[in-house]
Amino acid sequence: MVTVAAVVVTFNRLEKLKTVLASLEAQTHAPAKVFVIDNASTDGTAAYLLEREWTLPYEVVTMATNSGGAGGFAEGMVHGYASGADHVWIMDDDCYPRPQALEALVRGFEQSVAELGGDVPFACSVVEYIDGNICEMNNPVPTWDWARLLVKGQSNVMVTACSFVSVLIPRWAIAEYGLPYRDYFIWFDDREYTLRLTRRCPGVQVMDSVVVHDMGENRGVNFSMVDAKSVWKFAYGVRNEASYQLHHRGLLYFLEFGARLFVSLHRGRVSLPLRAKLLGRLFAGIGFNPKIEYPERRPQRELAEEAAA
């Protein structure tokens, strides 16, 4: 049987986390182990995880400080990889997988490999909002020939990038392509990482694997929406994407991104102080260029201890 290590990254969302964990325990294809990465929560999460009665093997990894989604996913993938599982399945603490979500992901991944070859680097789920509509911010980027597998009778479509809301990543892909950039903290870490994985072969979205994203409001995200409350998140997003465009694609892509940012802020009538802050983060991306971390390059004794835990 294919083994899967499930990774959930959480920060101060205890009630939603309870639903996520119950959803994992209800899977028709049970995860071999569940890793909960607690980003230094202060809402009673640690006590709950300590006292909870589990029906699956598990490990709680408590971070010393909040490392953001990017740091949490990177750490969780290290532990999932060290467990020896065939795949690591990553999600946030407000992602509720339907009971057959993992079973369908594994089946869809294997079907796509049979058709496309062994280079398929991930499989992701369809993400619904709590009202049953598509979740606006979690739609993958399709390839130009996205229906190639559909016409073969599969329930899979080919994609180049997706969000970290239910993504199944095979062990070999983590070994070859490394981990998401921890230093991104939040935003664009999922886009960069899945684009990195699909350099050689597309990933797939498995249309009969469904999860629910219990986010506050069902809307996409763009730079015209910046306000005083959300600017801190956009600041990470601008820096991270600027770094990616410059250091991984080239100067022209960096300049094009800067132009898009400027136009979006203008069209959204974002206040001048907030525009200035985000344009400053654009230039911060010039000197920001994290290096890829590979889990197998950690000390072998440390990996062995994690696998035995």
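Residues numbered from 1 in each chain as written. Predicted model: local features only at pLDDT ≥ 70, side-chain atom pairs only at ≥ 80, totals over all residues. Heavy atoms only, no water.

Per an unreviewed UniProt entry, the protein is named Glycosyltransferase family 2 protein, and its organism is Microbacterium algihabitans. Database annotation for the protein, UniProt heading Sequence similarities (unreviewed entry): "Belongs to the glycosyltransferase 2 family." Per its UniProt entry, the protein bears the Pathway (unreviewed entry) comment "Cell wall biogenesis; cell wall polysaccharide biosynthesis." (UniProt positions renumbered as here; feature names shortened; annotations may be inferred.)

Asker: Just checking my understanding: could you explain the environment of S209 for this structure?
Answerer: Inspection of the secondary structure puts S209 in strand β10 (residues 203-213). A relative accessible area of 0% means that S209 is categorised as buried. Taking C-alpha positions, S209 is 5.1 Å from A104, a pair spaced 105 residues apart along the chain. Look past the residues within four positions of S209 in its chain and what remains in contact with it is A101, A104, L105, S125 and V126. At 2.8 Å, the side chain of S209 and the backbone oxygen of A101 are in polar contact. (Helix = DSSP H or I, 4+ residues; strand = E, 2+ residues; numbered from the N terminus. Buried < 20%, exposed > 50% of the residue type's maximum accessible area, 1.4 Å probe, protein only. Contact = heavy atoms within 4.5 Å. Polar contact = N/O pair within 3.5 Å; in protein donor to acceptor, adjacent residues only side chain to side chain.)

Asker: I tried to follow the nonpolar core on my own but got confused; where do I start?
Answerer: Ranked by internal contacts, the top residues of the largest apolar core, which has 39 residues, are L21, L24, V34, W89 and L168. The element best represented in this core is helix α4 (residues 101-116), accounting for six residues. Among the nonpolar cores identified, the runner-up in size contains 29 residues, and A74, A85, V157 and L179 belong to it. (Core = buried A, V, L, I, M, F, W, Y, C linked by side-chain atoms within 4.5 Å.)

Asker: Can you help me understand the side chain of Q154 in this one?
Answerer: With respect to the element layout, Q154 can be found in the loop between β7 (141-142) and β8 (156-161). With a relative accessible area of 12%, Q154 lands in the buried category. Apart from residues lying up to four places away in sequence, Q154 is in contact with Q111, S112, E115 and L149.

Asker: Is there a simple way to think about the state of the cysteines in this case?
Answerer: Among covalent bonds in proteins, the disulfide is the one between the sulfur atoms of two cysteines. By the definition in use, this model includes zero disulfides. C201 takes part in no disulfide bond, and the closest cysteine sulfur, belonging to C124, lies 13 Å away. Classification of C201 by relative accessible area gives buried; the value is 8%. (Disulfide = S-S within 2.5 Å.)

Asker: Is there a simple way to think about a nonpolar patch on the surface in this case?
Answerer: Taken together, W146, L150 and V151 make up a surface patch of nonpolar side chains, about 310 Å² in accessible area. Looking at where W146 falls in the secondary structure, it is placed in the loop between β7 and β8. (Patch = residues over 30% accessible without salt bridge, like charges linked within 9 Å, V, L, I, M, F, W, Y side chains within 5 Å. Areas by Shrake-Rupley, 256 points an atom, 1.4 Å probe, with all protein chains shown as cover. Salt bridge = Lys/Arg side-chain N within 4 Å of Asp/Glu carboxyl O.)

Asker: Where do I start with the packing of helix α7 (residues 231-249) against helix α8 (residues 251-267) in this structure?
Answerer: The angle between the axes and the distance between the axes are what describe a pair of packed helices. Direction vectors running N to C along α7 and α8 enclose 155 degrees, while the axes themselves pass 6 Å from each other. Here α7 lies roughly antiparallel to α8, going by the angle between them. Facing V238, E241, A242, Q245, L246 and R249 of α7, the residues of α8 in contact are L251, Y253, F254, F257, R260 and L261. Classifying every residue of the contact of α7 with α8 gives eight nonpolar, one polar and three charged. (Axes fitted to C-alpha atoms, helices over the stretch in contact; angles between N-to-C directions. Parallel < 35°, antiparallel > 145°, perpendicular 65-115°, else oblique. Nonpolar A, V, L, I, M, F, W, Y, C, P; charged D, E, K, R; others polar.)

Asker: Please clarify how the UniProt feature "domain: Glycosyltransferase 2-like" (unreviewed entry) in the protein should be interpreted in this entry.
Answerer: In this numbering, the UniProt entry assigns the feature "domain: Glycosyltransferase 2-like" (unreviewed entry) to residues 7-111. Along residues 7-111, the helical share is 43% and the strand share 23%, with 23 Å between the first and last C-alpha atoms.

Asker: Got a minute to help me understand the pairing of β10 in this structure?
Answerer: Regular strands place their side chains on alternate faces of the sheet. Summarising burial for β10: nine of the 11 residues are buried, a large majority. Sheet topology note: the strand β5 (residues 95-97)/β10 ladder contains three bridges and is antiparallel. What sits directly across from C95, in β10, is H213. Strand direction decides the pairing type here: strand β6 (residues 123-129) and β10, joined by seven bridges, are parallel. Residue pairing for β10: E128 is matched across the bridge by V212. Across four bridges, β8 lies against β10 in antiparallel orientation. (Pairing = 2+ DSSP bridges.)

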